[in-house]
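Next come the chains, spelled out residue by residue.
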Amino acid sequence: MAKAAAGTDNPATPTAVRIVVAGDRGTGKSSLIVTAATENFPANVPPLLPPTRLPEDFYPERVPITIIDTSSRPEDNSKVAEELKRADAIVLTYACDQPQTLDRLSTFWLPKLRQLEVKVPVIVVGCRLDLRDENQQVSLEQVMSPIMQQFREIETCIECSAFKHIQIPEVFYYAQKAVLHPTGPLFDQETQTLKDQCVRALKRIFILCDHDRDGALSDAELNDFQVKCFNAPLQPSEIVGVKRVVQEKLPEGVNERGLTLTGFLFLHALFIEKGRLETTWTVLRKFGYNNDIRLADELIPSPTKRTPDQSVEMTNEAIDFLRVTFDVFDSDEDGALRPRELDELFSTAPASPFSEFPYTDAAERNAFGGLSLDGFLSQWALMTLLNPASTMENLIYIGYPGDVSSTIRVTRKRRLDRKKQQSERNVFQCFVFGPKRAGKSALLDSFLGRPFSDNYNPNTEERYAVNVVDQPGGLKKTLVLREIPEDGVSKLLSSKEALAACDIAVFVHDSSDELSWTRATQLLVEVASHGEDTGFEVPCLIVAAKDDMDSFPSAIQHSTRVSQDMGTEAPIPISTKLGDLNNLFRKIVSAAEHPHLSIPETEAGRSRKQYHRLINRSLMVVSVGAAVAIVGLAAYRVYAARKNASG
């Protein structure tokens, strides 16, 4: 495989490089910059140079460089810090004839970069090489090895002389190369192995180039890869040579079908060890990866704009692809993806998205930690609801073959659903409210098929649970339960659009505790009032949890009064301890499917509606009166005209 071609139009490639030069006073910063730009050593150098631009054809990569000089005056420290934060790469200078300036790198400059949280490649440059005492000749490796062990951010070290024009262009070439072709994301210097992120990206590229899916790159596939990445074919003798190099070092890297994934990865490790990082970076960027070894933002479509009361769901095309993918990676054919199989499925992505909050514990798993097909699709439905861009990105990583923008769709506005008295959504989000110890978490656990536990573990953070709910007629809907801790309700409702994403709200209370009931009804009034004030009214159901215990006295009277006053259904009794859920989840979905029903009405909301009806009635009376007056006036005019005509 050839070296990288100069220049690229790939969106993942940096289009400019900003290099900041810093170091102690008198270490040769300005002389270094002027000599690099003009190829002449300056007789007189100003204290601080303006930004210096090297043209794009200065180096083969044809990426323009801007060099920023920095002041050595203490009063300019804050400005220097700002420049360091904006740098793509940093050149730290010391003077070869002043050993104390070398010490200052490890005692001041490198710790300062860490303090500022500057995480860019650092090139250490020893200037004024021509002035170093000939009696104190020490190899650069001896001098720098201890510092580089301590500060891994140092990319390379070099000595130069502006006066004698020794290695001046090389300084900024290495700095540019460290930005365009950084080592850090690709290779672990300590273990001398490719980093996991790099392996995952190269594995995806290998699979995309293995057109016949036989686990090896044939000579034709290897040649297609070469043309795609480097715009030049491989000669038959070169292909033989590449495979021979791999086979000599790693026999399993080549088989009768061609270059295996192991061999492909070995080749890239070899390129990097030999300093040819540009080869691997060219491959990665040709397939859209940026410096973080993630797909460039430009390659991931932005989700269609939507209003707050619209949600995003996967299309049938995406779901069909995921069904096939599930079957492919269910290697033991047990109808579930075990953790090992799920890891393999996402081995071409930067990481498994399901290992991160809020997805990590949100779906039902079997005794072996495996996800059923419904659980697998539910996880994707939740991710699409919360972060559709992540869904599209991960579909690309796992090999979705078509236009990824066709994998999601925006639902109809919920306000329009209310008018049409029916929702067409396939994924419903239910907010679960309730006081502490009411049984909210137990409800979510039962939704995921988990056994009841008597241990109380207070949940202070929001939590999600998602599963498929079978509806009458064989229909399947996905339900997302979002648990809202009691302490988080005020914060949630501080936003005008807090309920816009909510299809239905459930209010859970401990049926044996009157205080729990009182607090649950208070929350119901708060949520209903917020919906009336903002226009994002939602259907609401009340759940009487812990039905295995005796109800508090007068529970029936209280619930009857609230149901009559607010127009809600009677509380639904359940017992998660006994596993008696009274078809609760099916009832939640049914209520969400009919968003015009089950909407509670507060006293203030009722008064507001009566007021509006009164105003509308008054306007109607005025309009009718005005119409009668106009008709009467017209009749009078007709009568007067006829009277005049007869006279």
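Residues numbered from 1 in each chain as written. Predicted model: local features only at pLDDT ≥ 70, side-chain atom pairs only at ≥ 80, totals over all residues. Heavy atoms only, no water.

Selection rule: UniProt positions are given in the numbering used here, feature names are shortened, and annotations may be inferred rather than shown by experiment.
The name that an unreviewed UniProt entry assigns to the protein is Mitochondrial Rho GTPase, with the source organism given as Prunus persica. In the Subcellular location (unreviewed entry) part of its UniProt record, the protein is described as follows: "Mitochondrion outer membrane". Checking UniProt for the protein, the heading Sequence similarities (unreviewed entry) contains the comment "Belongs to the mitochondrial Rho GTPase family."

**Brief notes about the confidence of the model for the protein**
In plain terms, the rule: You can read pLDDT as the predictor saying how much it trusts each residue, on a scale of 0 to 100. Here a strand is any run of E in DSSP of at least two residues, a helix any run of H or I of at least four, and the numbering for each starts at the N terminus. We call two residues in contact whenever any of their non-hydrogen atoms come within 4.5 Å of each other.
Across the protein, the average pLDDT comes to 90, with 91% of residues at or above 70. The lowest-confidence element of the protein is helix H21 (residues 603-646), averaging 60 in pLDDT; the highest-confidence one is strand S16 (residues 427-433), averaging 98. Counting interchain partners and residues more than four positions distant, the pLDDT-below-50 stretch residues 2-8 has 16 contacts.

**Some words on the sheet that holds strand S3 (residues 65-68)**
Put simply, the rule is: DSSP bridges decide pairing: two strands pair if at least two such bridges lie between them. For helices, the axis comes from a line fit to the C-alpha atoms of the stretch in contact; other axes are also lines fit to C-alpha atoms, and the angle between any two N-to-C directions lies between 0 and 180 degrees.
The sheet built from six strands is open, its strands ordered S2-S3-S1-S4-S5-S6 with mixed pairing. For this open sheet the edge positions go to strand S2 (52-54) and strand S6 (154-159), each flanked by a neighbour on one side alone. Shown here is a sheet whose adjacent strand axes are inclined to one another by a mean of 25°, direction ignored. Of the pairings in the sheet, the one linking strand S1 (residues 17-23) to strand S4 (residues 89-95) comprises five bridges and is parallel in character. Pairing of Gly23 across the sheet is with Thr93, part of S4. Most of the contacts of helix H5 (residues 168-180) go to S1, to which it runs at about 125°, and overall it touches S1, S2, S3, S4, strand S5 (122-127) and S6.

**Let's talk about empty space enclosed by the protein**
Counted only if it meets this: The distinction between a cavity and a pocket rests on a 1 Å grid over the protein atoms alone: a 1.4 Å probe fits inside a cavity but cannot get out, while a pocket stays open yet meets protein on both sides within 12 Å along at least five of seven lines, and a residue with an atom within 4 Å of a point counts as lining. Grid points are joined across faces, edges and corners, and a volume is the space filled by probe spheres set on the points. Each residue receives one of three labels: charged for Asp, Glu, Lys and Arg, nonpolar for Ala, Val, Leu, Ile, Met, Phe, Trp, Tyr, Cys and Pro, and polar for the others, Gly being one of them.
All told, the structure shown has two cavities of 30 Å³ or more when counted by the stated rule. There is about 40 Å³ of room inside the largest cavity. Forming the boundary of the largest cavity are Val527, Ala528, Gly531, Glu532, Glu537, Val538, Cys540, Ile599 and Pro600. For the lining of the largest cavity, the element with the most residues is helix H18 (residues 514-534), which contributes four residues. In this structure, the second largest cavity encloses a volume near 30 Å³. What lines the second largest cavity is simply Gln197, Arg200, Ala201, Tyr289, Ile293, Thr348, Ala349, Pro350 and Tyr397. Broken down by element, the lining of the second largest cavity gets its largest block of residues, three residues, from helix H6 (residues 196-209). Tallied by class, the residues present in the lining of the second largest cavity amount to six nonpolar, two polar and one charged.

**Topic: the pairing of strand S20 (residues 540-545)**
Rules: Type-normalised accessible area, obtained with a 1.4 Å probe on protein chains alone, sets the label of each residue: buried when under 20%, exposed when over 50%, and partly exposed for intermediate values. Here is how to tell: hold the view so the strands point away, follow the path from the first strand over the helix to the second, and if it runs clockwise the crossover is right-handed.
Counting buried positions along S20 gives six out of six residues, so the element sits mostly inside the fold. Burial of S20 is two-sided: the residues Cys540, Ile542 and Ala544 facing one way and the residues Leu541, Val543 and Ala545 facing the other way are all buried. As judged from the six bridges shared by strand S19 (residues 504-510) and S20, these two strands associate in the parallel manner. Bridge pairing in S20 links Ala505 to Cys540. For the crossover from S19 across H18 to S20, the handedness is right-handed. Bridge analysis of S20 against strand S21 (residues 572-573) gives two bridges, and the strand direction is parallel. In the strand pairing of S21, Val543 is matched with Ile572. Where the polypeptide runs from S20 across helix H19 (residues 555-566) and back to S21, its parallel neighbour, the crossover connection is right-handed.

**Re the side chain of Ser575**
Just so we agree on the cut-off: Polar contacts, as used here, are pairs of N or O atoms within 3.5 Å; protein pairs need one atom able to donate a hydrogen and one able to accept it. Residues neighboring in sequence count only if both atoms are side-chain atoms.
Within the element layout of this structure, Ser575 appears in the loop between S21 and helix H20 (584-593). Of note is the side chain of Ser575, whose polar atom sits 3.1 Å from the backbone nitrogen of Leu578. Setting aside chain neighbours within four positions, we find Ser575 in contact with Asp547, Asp548 and Asp580.

**Focus: the sheet that holds strand S11 (residues 258-260)**
Pairing within the open sheet is antiparallel, and its three strands lie in the order S9-S11-S10. The open sheet terminates on both sides in strands that have one partner only, identified here as strand S9 (216-217) and strand S10 (254-255). Here S10 pairs with S11 via two bridges, running antiparallel. When the bridges of S11 are listed, Val254 appears paired with Leu259.

**A closer look at the state of the cysteines**
The line we're drawing: Two cysteine sulfurs form a disulfide in these notes if their separation is within 2.5 Å.
The full count for this structure, using the stated rule, is zero disulfides. The thiol of Cys198 is unpaired, and the distance to the nearest cysteine sulfur, on Cys229, comes to 13 Å. Among the residues examined, Cys198 registers a relative accessible area of 0% and is labelled buried. Note on Cys430: no disulfide assigned, nearest cysteine sulfur contributed by Cys502 at a separation of 6.6 Å. Of the residues examined, Cys430 reaches a relative accessible area of 0% and is grouped as buried.

**As for the side chain of Glu221**
Structurally, Glu221 is set in helix H7 (residues 219-230). Non-local contacts of Glu221, meaning those with residues more than four positions away in its chain, are made with Cys209, Asp210, His211, Asp212 and Ala216.

**Section: the UniProt feature "domain: EF-hand" (unreviewed entry) in the protein**
Under the UniProt annotation, "domain: EF-hand" (unreviewed entry) lies at residues 317-352. In this annotation, residues 317-352 is assigned 56% helix and 6% strand; the end-to-end C-alpha distance for the span is 22 Å.

**Quick look at the nonpolar core**
Spelled out, the test is: In this text, buried Ala, Val, Leu, Ile, Met, Phe, Trp, Tyr and Cys residues form a nonpolar core when linked through side-chain atoms within 4.5 Å.
Ranked by size, the top nonpolar core spans 70 residues in total, and within it Ile205, Phe376 and Trp380 carry the most contacts. If one sorts the elements of this core by residue count, helix H13 (residues 373-386) sits on top with seven residues. Not counting residues within four places of it along the chain, the set of residues in contact with Phe376 comprises Leu322, Phe326, Leu337, Leu342, Leu345, Phe354 and Leu371. With 28 residues, the next largest nonpolar core counts Ile67, Cys127, Phe172 and Val179 among its residues.

**Examining the pattern of salt bridges**
Short version of the rule: By salt bridge we mean one thing: a side-chain nitrogen of Lys or Arg within 4 Å of a carboxyl oxygen of Asp or Glu.
One pass over the structure, following the stated rule, counts 35 salt bridges. A salt bridge links Glu153 to Arg114; the shortest N-O distance between them is 2.9 Å. Of this pair, Glu153 sits in the loop between helix H4 (140-150) and S6 while Arg114 sits in helix H3 (residues 99-115); the two residues are 39 residues apart in sequence, bridging distant segments of the chain. Its relative accessible area of 22% is what places Glu153 among the partly exposed residues. Judged by its relative accessible area of 44%, Arg114 is partly exposed. Bridged by salt links that share partners, the residues Lys436, Glu486, Asp487, Arg519 and Glu526 form one connected network.

**Structural notes on the environment of Arg561**
Take Arg561: it is sitting in helix H19. Of the residues examined, Arg561 reaches a relative accessible area of 44% and is grouped as partly exposed. Sequence separation between Arg561 and Arg450 is 111 residues, and the spatial gap between their C-alpha atoms is 35 Å.

**Describing unusual backbone geometry**
Negative phi values dominate among residues other than glycine, just as trans dominates among peptide bonds. With an omega of 5°, the peptide bond running from Phe357 to Pro358 counts as cis. Of note, Pro358 is situated in the loop between helix H12 (339-345) and strand S14 (371-372). The backbone of His165 sits at a positive phi, close to 55°, despite the residue not being glycine. In this structure, Asn231 is a non-glycine residue whose phi angle is positive, near 55°. Secondary-structure assignment places Asn231 in the loop between H7 and helix H8 (236-249).

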